[in-house]
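Single-letter residue listing:
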There are 2 protein chains.
Amino acid sequence: MLPAIAQTIRPAFRHNDHRSKELWSSVQEVCDLLHISRPQDLDEDNCRFQHVRFKAGQTVHLNNDPLENLFLVNCGFLKSSMTDDLDKELVLSFPMKGDLIGVDSIHRQHHQSQTMTLSDCDIILLPYSSLQELCQKSEQFGHAILQIMSREIVRERYMLGVQRSLSAEAKVGRFLCMMGERYAQLGYSSRRFNLRMSRNEIANYLGVAIETVSRILSEFHRLGVITVNQREIVIIDPVFLSDLLKFSSTKERAGDKNVQKGQPRTTSKFVGTAHQQPVMALA
Amino acid sequence: MLPAIAQTIRPAFRHNDHRSKELWSSVQEVCDLLHISRPQDLDEDNCRFQHVRFKAGQTVHLNNDPLENLFLVNCGFLKSSMTDDLDKELVLSFPMKGDLIGVDSIHRQHHQSQTMTLSDCDIILLPYSSLQELCQKSEQFGHAILQIMSREIVRERYMLGVQRSLSAEAKVGRFLCMMGERYAQLGYSSRRFNLRMSRNEIANYLGVAIETVSRILSEFHRLGVITVNQREIVIIDPVFLSDLLKFSSTKERAGDKNVQKGQPRTTSKFVGTAHQQPVMALA
DNA sequence: CGTTACTTTGAATATAGTCAAGCAGTGTGG
DNA sequence: CCACACTGCTTGACTATATTCAAAGTAACG
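Residues numbered from 1 in each chain as written. Chains lettered and ligands numbered in written order. Predicted model: local features only at pLDDT ≥ 70, side-chain atom pairs only at ≥ 80, totals over all residues. Heavy atoms only, no water.

J.: I'd love a proper account of the interface of chain A and chain B, names of residues and values included.
T.: Much of the literature gives interface size as the accessible area that the parts lose upon coming together. Across the boundary between the two partners, chain A contributes 53 residues, which contact 53 residues of chain B. Taken together, both faces of the contact between chain A and chain B bury some 4,700 Å²; the carbon and sulfur share is 60%. For the pair chain A and chain B, the interface holds four salt bridges. Where B:Arg157 meets A:Glu156, a salt bridge forms, and the shortest distance between an N and an O atom there is 2.9 Å. Linking chain A with chain B are 27 residue pairs in polar contact (both at pLDDT 80 or more), by the criterion used here. For the side of chain A that touches chain B, the secondary-structure elements that each account for two or more residues are strand 6 (89-93), helix 4 (128-137), helix 5 (139-165), helix 7 (199-206) and helix 9 (238-247) of chain A. No other element matches the 19 residues that helix 5 of chain A contributes to the side of chain A that touches chain B. Its residues placed into classes, the side of chain A that touches chain B shows 21 nonpolar, 16 polar and 16 charged. (Contact = heavy atoms within 4.5 Å. Buried area = accessible area lost by both parts, 1.4 Å probe. Salt bridge = Lys/Arg side-chain N within 4 Å of Asp/Glu carboxyl O. Polar contact = N/O pair within 3.5 Å; in protein donor to acceptor, adjacent residues only side chain to side chain. Helix = DSSP H or I, 4+ residues; strand = E, 2+ residues; numbered from the N terminus. Nonpolar A, V, L, I, M, F, W, Y, C, P; charged D, E, K, R; others polar.)

In structure tokens, the structure reads:
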């Protein structure tokens with residue numbers, strides 16, 4: 001079985017001959033990474049999954065590649081995107097540790113997107129055939145895979161809600177909060193982090209113009225709710241950003257709290273809210 | 001097993017005592033509806049799935065209901081929606097025949113959305129436990145379920161692309177085309193159909209204001225590319241609508257064909273394109 | 001027939017996009 | 001080491017698009 005896997009990986013993978021302490025992971029380790037409990041009903045644990053190293057800027061898989069492997073991020077930062085009718089890139093997600101890449105490809109047996117590395121990465125190859133086999137052996141594992149797919153649906157749906165009902169500044173605010181939370185899950189600070197992606201990629205991901213992202217970040221900085229220095233972000237007032245999630249919606253903010261309504265246009269429209277909430281000390 | 005299913009269904013279901021020719025469906029029939037091939041590796045076909053009838057305006061499941069059944073639409077039209085932070089409804093989809101409802105609930109074992117009927121409906125209950133069992137018995141069936149989940153992800157992703165990169169009129173145009181295609185798949189005309197949902201629901205689904213939907217439909221009508229009479233739509237020029245998909249994107253139309261750019265504002269901005277494409281005869 | 005819900009239309013406004021210019025880091029080669 | 005170009009980012013001015021508010025029209029319903 002192992003030789004079989006080795007043969008199915010794309011040639012590019014074989015160029016990565018970096019020495020690594022753990023080139024193969026067990027089912028246990030994969031389950032831990034995926035945040036699913038290890039199936040109790042799976043006795044034989046002789047299955048191993050290969051790790052592959054990527055340098056920043058490399059391609060993990062391209063659109064329309066045949067489905068052979070799913071990819072589980074062990075460490076590093078990536079960008080998944082698709083191409084629309086006009087060959088314009090649409091950024092779909094920024095996978096990081098613990099994220100499973102490629103579940104969209106099961107439908108047509110070909111990848112419906114492409115994924116690039118934004119930093120050096122360590123990726124675990126999960127051959128789809130092996131996953132199917134595990135699903136067959138273990139009902140619990142099968143259920144866990146369905147859960148992961150379901151979670152992906154819920155996540156995308158959440159983004160859909162963001163796209164539809166939030167203003168540009170709320171999108172950016174929510175994006176920053178989300179990134180903070182994700183870093184926190186990885187054990188980093190949720191308040192101070194480096195964005196791994198360009199303004200262009202953020203703008204694309206959020207569905208707004210790059211200038212808008214830039215303007216809003218500057219505005220947040222001016223208001224003292226964040227600090228921006230290149231790609232280094234410090235979130236000073238997360239409450240402000242999370243309130244934006246709720247009340248900056250273009251459509252429904254009339255009727256909710258009388259802030260941000262009828263503020264003089266000569267000053268920032270955020271001032272009203274900013275003054276209501278004490279600026280929190282930087283951790 | 002059958003009594004078990006009968007006991008797990010919600011009380012509301014039992015009120016529907018309409019007499020029906022086929023109250024139970026086989027695995028075969030379910031697979032046909034889902035457009036997946038019947039698993040060859042499943043010999044015993046003694047499993048039956050209960051049908052439930054709903055009148056228009058009834059609730060199939062509510063947000064946060066525990067996951068007991070998935071729902072497969074046998075006939076009728078529905079609306080799935082979720083509730084955002086502000087208790088505002090967000091329409092997610094308009095399920096119809098062959099659509100599987102509830103795959104989002106597997107993740108947390110509770111439904112993450114609610115579904116209402118827009119017309120009288122016949123729904124097949126698929127107990128999640130039975131599905132798991134079938135997945136276990138048949139590798140092919142398991143794969144098919146993964147495919148359906150994957151397809152759902154791809155669909156939601158498509159909507160995400162629509163939300164991000166299309167103008168309001170392109171969204172409406174695409175919506176009409178999409179509805180036409182879906183009716184066509186059910187064997188109805190793709191050119192002439194009744195919308196089952198209100199303008200409000202369309203607007204919500206597309207993430208635009210209701211007035212915008214109304215205006216754009218009127219505009220399309222004025223241009224002769226569609227006919228609107230209440231909720232009855234006749235698509236006269238699908239090419240026009242599908243071109244909108246490509247070239248009405250707010251962001252990328254500069255540089256593509258010099259239509260719709262620099263048109264006098266006194267007349268419709270669609271006129272330029274409309275004149276380039278012959279109006280097709282009404283089928 | 002009046003009430004209600006849904007839809008259409010117009011006018012004013014707000015939001016975000018486009019265009020254009022300039023700035024700031026980065027890297028290259030002289 | 002500095003000039004140079006290059007890329008990514010920021011900012012301002014203007015414009016387009018879509019929303020909000022307001023009002024009136026239309027169909028459905030008891």
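Next comes the rest of the write-up.
J.: Break down the environment of A:Val73 for me, with residues and values.
T.: Residues and elements named next belong to chain A. Assignment of secondary structure puts Val 73 in strand 4 (residues 69-75). The exposure class of Val 73 is buried, given its relative accessible area of 0%. On a C-alpha basis, the gap between Val 73 and Leu 100 in space is 6.6 Å, while along the polypeptide they are 27 residues apart. Excluding residues that lie within four positions of it along the chain, Val 73 makes contacts with Leu 33, Leu 78, Pro 95, Met 96, Lys 97, Gly 98, Asp 99, Ile 101, Asp 122 and Ile 123. (Buried < 20%, exposed > 50% of the residue type's maximum accessible area, 1.4 Å probe, protein only.)

J.: Talk me through the relation of the copies chain A and chain B; I want residue IDs and the actual numbers.
T.: With an RMSD of 0.0 Å, the fit of chain A onto chain B corresponds to turning through 180° and sliding 0.0 Å along the axis. Viewed as a symmetry operation, the transformation between the two copies matches a two-fold axis. Take the interface residues of chain A: 100% of them recur as interface residues in chain B, which is what a same-surface contact looks like. (Least-squares fit on C-alpha atoms with pLDDT ≥ 70 in both.)

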